[in-house]
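Fold and contact review
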Amino acid sequence: MMDEREEDADEEAWLQLRPVEPLPSQCCGSGCSPCVFDLYHRELARWEAARASKDRSLLSGEESQSCPSKLSPETFLAFRISAVDRLTEDTYCVRFALPRNCQFSLRPGQHLILRGKVDGLEIQRAYTPISPANAEGYFEVLIKCYPTGLMSRYVKSWGTGHTAFWRGPFGDFFYKANQYGELLMLASGTGLAPMVPILQSITDNAEDETFVTLVGCFKTFEGIYLKTFLQEQARFWNVRTFFVLSQENSLEKLPWSYREKTCFGRLAQGLIEELVGSCRRKPFALVCGSAEFTKDMARCLLCAGLAKDSYYLF
């Protein structure tokens, strides 16, 4: 029989273990399943059942600090940062290590959820790996930092050897070779991320004859991400790349190789219709960018004659 002090201590131990309800800031807003709130309610039910049955084994559970190769949509796992490459003034390509020769069970275009903590506040955001689906021993993520962003503060604190926690994968677009005649990829800024592994999976597969038209929207020429990669991809017989720069106004300032495939301003209805019309086969469009960009592109694609089942919004 436990005395009153032992009962109080036992009660305190259970209360300390009780799952904490997430704050709104901890939801990335990407429609993930399970969401952080789904996990909370699941963990709360498990805690209540364990407490009712006095199953003290729950008290000894500890989060893994290892660097595993298998992802979990429900549990955050630790991955060590092996390199941080600054691409532009505010955007980084971060490489995370996997055990030697290990690969992720991640399909091209799927995203992960990153957990961070700033000033005691836990936050979560969605990011899409840009590394090839068959990459061994690592995965890479493109991350843009904003002056007032909480996750940006967390990311800027990273360095080689640091550890970050991820869960996933999420996303319901699954590309299959030769599934579409042509993919029309419309990407704004870091919205380029899901396009990269999908494009690479096509050019890596000699039997995939899908045409690709990729349109990248950026503020300036210097702000274009992954220029070398995009130039290499554009050399394939079935790939075209175009760029729309909103804060440039002179072709003479661009390298010769970019002048014929770059226009200025914003990606709007007229250009969308021209792009759809220039596709070599009936296109299926992929769109990724800000909420405003995605909404505008969906409207433009419908006006250009594409049905709702002929595009996917990341």
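Residues numbered from 1 in each chain as written. Predicted model: local features only at pLDDT ≥ 70, side-chain atom pairs only at ≥ 80, totals over all residues. Heavy atoms only, no water.

Describing the packing of aromatic side chains
Here is the rule we go by: Planes of paired rings set the category: under 30 degrees apart is stacked, over 60 is edge-to-face and the rest tilted, where pairs are Phe, Tyr or Trp rings (Trp by its six-membered ring) whose centres lie within 6.5 Å. Under the scheme used here, helices are H or I runs from DSSP no shorter than 4 residues and strands are E runs no shorter than 2 residues, and both carry numbers assigned from the N terminus. Exposure classes here rest on a 1.4 Å probe applied to the protein chains alone. A residue is buried below 20% of its type maximum, exposed above 50%, and partly exposed in between. Only when the NZ of Lys or the CZ of Arg is both within 6 Å of the ring centre and within 35 degrees of the ring normal is a charge said to sit over the ring.
A complete count under the given rule lists 16 aromatic pairs for this structure. A ring pair is formed by F96 and W158, whose centres lie 5.7 Å apart and whose planes are at 90°; its orientation type is edge-to-face. Taken together, the positions of F96 in strand β2 (residues 91-97) and W158 in the loop between α3 (150-156) and β6 (163-170) put the pair 62 residues apart, joining distant regions of the chain. Given the relative accessible area of 0%, F96 is considered buried. Judged by relative accessible area, which is 10%, W158 ranks as buried. An angle of 80° between the planes, with centres 6.2 Å apart, marks the rings of Y127 and W166 as edge-to-face. Taken together, the residues Y127 in strand β4 (residues 121-127) and W166 in strand β6 connect sequence positions 39 residues apart. Each member of the pair, Y127 as well as W166, is classed as buried. Ring pairing ties together the aromatic residues F79, F96, Y127, F139, Y154, W158 and W166, which thus form one cluster. One Lys or Arg, R115, reaches over the ring of F165 and ends 4.7 Å from the middle of that ring.

Brief notes about unusual backbone geometry
Backbone torsion omega between G168 and P169 reads 5°, so that peptide bond is classified as cis. By the secondary structure assignment, P169 is in strand β6. In the Ramachandran plot, D119 falls in the positive-phi region, its phi being about 55° despite a non-glycine side chain. With respect to the helices and strands, D119 occurs in the loop between β3 (111-118) and β4. On the basis of relative accessibility, which here comes to 66%, the residue D119 falls in the exposed class. Its identity is not glycine, yet L226 carries a phi of approximately 55°, on the positive side. Tracing the backbone through its elements, the reader meets L226 in the loop between β8 (211-218) and α5 (227-234).

Describing the environment of C145
The test is simple: The criterion used for residue contact is that any of the two residues' heavy atoms lie within 4.5 Å.
Structurally, the position occupied by C145 is in the loop between β5 (138-144) and α3. Residues C145 and V155, ten residues apart in the sequence, show an inter-C-alpha distance of 7.6 Å. Excluding anything up to four places from it in sequence, C145 contacts D90, Y92, S152, V155 and K156.

Quick word on the nonpolar core
Counted only if it meets this: Among buried residues, the Ala, Val, Leu, Ile, Met, Phe, Trp, Tyr and Cys ones that are joined through side-chain atoms within 4.5 Å form a nonpolar core. The source of the domain bounds is an automatic or database domain assignment.
Core analysis: the biggest nonpolar cluster contains 33 residues, and F173, L183, M185, L192, I198 and L286 have the highest contact counts within it. Looking at this core, the elements that each hand over two or more residues are β7 (182-188), α4 (195-203), β8, α5, β9 (239-245) and β11 (283-288). Of the residues forming this core, the biggest block, five residues, is contributed by α4. Inspection of this core shows a minimum of three residues originating in each of domain 1 (77-170) and domain 2 (182-313).

Quick word on the pattern of salt bridges
To keep things clear, this is the line we draw: Salt bridges are counted wherever a side-chain nitrogen of Lys or Arg sits within 4 Å of a carboxyl oxygen of Asp or Glu.
Under the defined criterion, the tally for this structure stands at five salt bridges. Notably, a salt bridge pairs D90 with K144, separated by 2.7 Å at the nearest N-O pair. Here D90 is found in the loop between β1 (77-86) and β2, whereas its partner K144 is found in strand β5, with 54 residues between them in sequence. Close ionic contact of E182 with R280 constitutes a salt bridge, the shortest N to O distance being 3.2 Å. On the criterion of sequence distance, the pair formed by E182 in strand β7 and R280 in the loop between α7 (269-278) and β11 is long-range, its members being 98 residues apart. Residue classification places R280 among the partly exposed positions, given a relative accessible area of 35%. Salt bridges linked by common partners bring E182, R240 and R280 together as one network.

Details of the UniProt feature "binding site: FAD" (unreviewed entry) in the protein chain
Definition in use: UniProt positions are given in the numbering used here, feature names are shortened, and annotations may be inferred rather than shown by experiment.
As annotated by UniProt and renumbered to match this structure, "binding site: FAD" (unreviewed entry) occupies R125, Y127, L142, K144, M151 and S152. The named residues occupy 28 residues along the chain; their greatest pairwise C-alpha distance, 13.3 Å, places them in one compact cluster. Classification of Y127 as buried rests on a relative accessible area of 14%. Sequence-distant contacts of Y127, defined by excluding residues within four places in its chain, comprise H111, L112, L114, V141, L142, I143, M151 and W166. Along the chain, S152 turns up in helix α3. Apart from the residues within four sequence positions on either side, S152 is in contact with K144, C145 and Y146.

Side note on the environment of T294
Along the chain, T294 falls in helix α8 (residues 291-303). You can call T294 buried: its relative accessible area is 11%. Spatially, the C-alpha atoms of T294 and Y312 are 9.9 Å apart, while their sequence positions differ by 18 residues. Apart from residues lying up to four places away in sequence, T294 is in contact with V287, C288, G289 and L313.

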